[in-house]
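Examining the three-dimensional arrangement
Read off the chains here:
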Amino acid sequence: MSTAPLNRRGFLGRTALTGLGVALAGSVDALVRPAFASAAPGQAIGYGPLVPDPNRILSLPVGFSYTVVARSGETQLDGGVPVPSDPDAIGVFARPGGSTLVTNHEIGSDEPFGVPALDGLTYDTGARGGTTTTAVGADGARQGQYVSVAGTVNNCAGGITPWGTWLTCEETEARAGEGGFLLDHGYVFEVDPASQDANRGKSPVPLKFLGRYAHEAVAVDPASSTIYLTEDASGPNGLYYRWTPPQGFRGGPNALRELAQSPGGDTAGALQAMACFQGGTHVPDLSQATEPGTVYSVQWVGVPDRGATSTSVRKQFGNDAVTRSRKLEGQWWGDGGAYFVASYARTSDGSVAEHDGQVWFFDPAKQTVTLKTLFGVNPDPAVDTGNYDGPDNITVSPYGGVILAEDGEGISHLVGVTAEGEPFAMARNELNDSEFCGPAFSADGRILFANIQSPGLTLAITGPWHRPLP
């Protein structure tokens, strides 16, 4: 998530825990406009009203509490250097006695604490971003933290694979020679949560077949290993992509890296951009959908030059060939398809209509996208009256509905949405107006992890989790 105003993401649904991930079931279509989402902070919805935090970090409902797992610049990595700045998206994996967190660090250039470059873990010694991996106990207490990939740029979002790894995405199109970078950037990298040694010589390998552009998030089809990707870019607005693996490919540990390093690996499989149609009429921009339940048929258009040798990938298409969207952000695989989010749209950025968040569902069997949730423009994000806007990072709750991270102007919340489609405040940032990032539950559903990006806090939230009250 870049620091542009109103940059957020989310979706809506009912859930159940399955293995390392959470599967979505029984989704609910909803239109969330300010008038609909106007519950006062004290109203008994969700888990109840928020109680102000005397430490002025995180306000939570009655019975909930938090601990600070790590602080950027203060907590030490296992090697004795400070935890890097700007923690963003988190992948949470089960391990004996607790959880493993793989955390992106959205570091571009001048952030105070970079990811240290280590032998066998660094892609570009001229870059300071990457991921760290944290072991925590069953209570969320930190047990250790180490670098798992370094030398990358603006590691924003990503996604968990069906085989239990983390795909971390660079939200940039920077080339070698820009900003001190020695190599081109704008790639996806795979991180193994097992150990630091499991990543040496492996995590720094860019998966170039997924394209070079401002990547945001990924969702992986467990049946076919097809990967869906969002692009957070403007001028022109970004695209939604599909990567289809080559014949005979079988997803699994190291399979993507081995494909990337094989002869012709840079262009392995097919990378395509989405084009939507309604009744045979081309849809140029997703923002033109203004009613939940809107369904578009999907066709896929091959990317001419996925490496963006001379032209950005999204600029290789005319507007009549693809469907664009402002602020394509998070994704989650569930219900046999991919939920993906457009955080906001304004006519001033080339969008057809304005909104503060769309949630779409791509159905691979039907080859359709359906608008599931629409957030109307929030008239005043600085007022805490239950108006939430621009959903960004998201996780599906094992107790029903979702938890969204607000990112942008005004007050920042972790926002819950019940399975019935009603939003509520799950937490409020009392420290500053920095964005929340990376909400994700432990596999047993007992802990919700989340980041406040600046000054860089990783938090573990516990409490009387149950189905939130509508």
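Residues numbered from 1 in each chain as written. Predicted model: local features only at pLDDT ≥ 70, side-chain atom pairs only at ≥ 80, totals over all residues. Heavy atoms only, no water.

A count of helical and extended segments in the chain gives one helix and 30 strands. On C-alpha atoms alone, the chain measures out to a radius of gyration of 20 Å, which is about the 23 Å that the 2.2 N^0.38 rule sets for 470 residues. Seen along its three principal axes, the alpha-carbon backbone of the chain occupies a region of about 60 × 60 × 40 Å. Residue pairs at least 24 apart in sequence account for 63% of intrachain contacts in the chain once pairs closer than 6 positions are excluded. When the accessible surface of the chain is totalled, it reaches about 15,800 Å², and 52% of it is carbon and sulfur. (Helix = DSSP H or I, 4+ residues; strand = E, 2+ residues; numbered from the N terminus. Rg over C-alpha atoms; globule rule 2.2 N^0.38 Å. Contact = heavy atoms within 4.5 Å. Areas by Shrake-Rupley, 256 points an atom, 1.4 Å probe, with all protein chains shown as cover.)

Here the focus is the environment of glycine 186. Secondary-structure assignment places glycine 186 in the loop between strand S12 (166-170) and strand S13 (188-191). When the C-alpha atoms of glycine 186 and alanine 174 are compared, they prove to be 6.7 Å apart, with twelve residues separating the residues in sequence. Apart from the residues within four sequence positions on either side, glycine 186 is in contact with Glu170, Thr172, Gly211, Arg212, Tyr213 and His215.

Turning next to the pattern of salt bridges. The tally for this structure, following the rule as stated, stands at ten salt bridges. Between aspartate 349 and arginine 326 there is a salt bridge, and its shortest N-O distance comes to 3.2 Å. A residue pair is termed long-range when its members are at least 10 positions apart, and aspartate 349 in the loop between strand S21 (337-342) and strand S22 (358-363) and arginine 326 in the loop between strand S19 (295-302) and strand S20 (328-334) qualify at 23 residues. On the basis of relative accessible area, aspartate 349 is assigned to the partly exposed category, the value being 22%. A salt bridge links arginine 428 to glutamate 430; its shortest N-O distance comes to 2.9 Å. Take arginine 428 and glutamate 430: they sit in the same class, and that class is buried. (Salt bridge = Lys/Arg side-chain N within 4 Å of Asp/Glu carboxyl O. Buried < 20%, exposed > 50% of the residue type's maximum accessible area, 1.4 Å probe, protein only.)

Moving on, we get to the pairing of strand S17 (residues 270-278). Of all nine residues in S17, seven are buried; the element is thus mostly enclosed. Judged from the four bridges that link them, strand S16 (residues 240-244) and S17 form a sheet pairing that is antiparallel. Counterpart to threonine 244 in the pairing with S17 is alanine 270. Pairing of S17 with S19 involves six bridges; the strand directions are antiparallel. Note on S19: the bridge partner recorded for methionine 274 is tryptophan 300. (Pairing = 2+ DSSP bridges.)

A complete count under the given rule lists 20 aromatic pairs for this structure. The interplanar angle of 90 degrees and the centroid separation of 5.6 Å between the aromatic rings of tyrosine 47 and tryptophan 465 together place this pair among those described as edge-to-face. Here tyrosine 47 is found in the loop between strand S3 (30-32) and strand S4 (50-51), whereas its partner tryptophan 465 is found in the segment after strand S30 (457-462), with 418 residues between them in sequence. Judged by relative accessible area, which is 11%, tyrosine 47 ranks as buried. Under the relative-accessibility criterion, tryptophan 465 is labelled buried at 12%. On the basis of an interplanar angle of 85 degrees and a centroid distance of 5.9 Å, the ring pair of tryptophan 243 and phenylalanine 249 is categorised as edge-to-face. Owing to a relative accessible area of 0%, tryptophan 243 belongs among the buried residues under this scheme. With relative accessibility at 18%, the residue phenylalanine 249 sits in the buried group. One aromatic cluster is present, built from ring pairs that chain together Tyr47, Phe64, Tyr399, Phe424, Phe441 and Trp465. (Phe/Tyr/Trp six-rings, centres within 6.5 Å; stacked < 30°, edge-to-face > 60°.)

The pLDDT averaged across the chain works out to 88; a share of 90% of its residues lies at or above 70. Within the model, pLDDT remains below 50 along residues 2-42, and this stretch shows 181 contacts once partners closer than five positions in the same chain are excluded. (pLDDT = per-residue confidence, 0-100.)

Moving on: the sheet that holds strand S11 (residues 155-160). Spatially, S11-S12-S13 is the arrangement adopted by the three strands of the open sheet, whose pairing is antiparallel. The open sheet has two edge strands, S11 and S13, and neither has a second partner. Geometrically, the sheet is characterised by an average inter-axis angle of 30 degrees between neighbouring strands, direction not taken into account. In the sheet, S11 pairs with S12 via four bridges, with the strands oriented antiparallel. Within S12, the residue paired with isoleucine 160 across the bridge is tryptophan 166. (Axes fitted to C-alpha atoms, helices over the stretch in contact; angles between N-to-C directions.)

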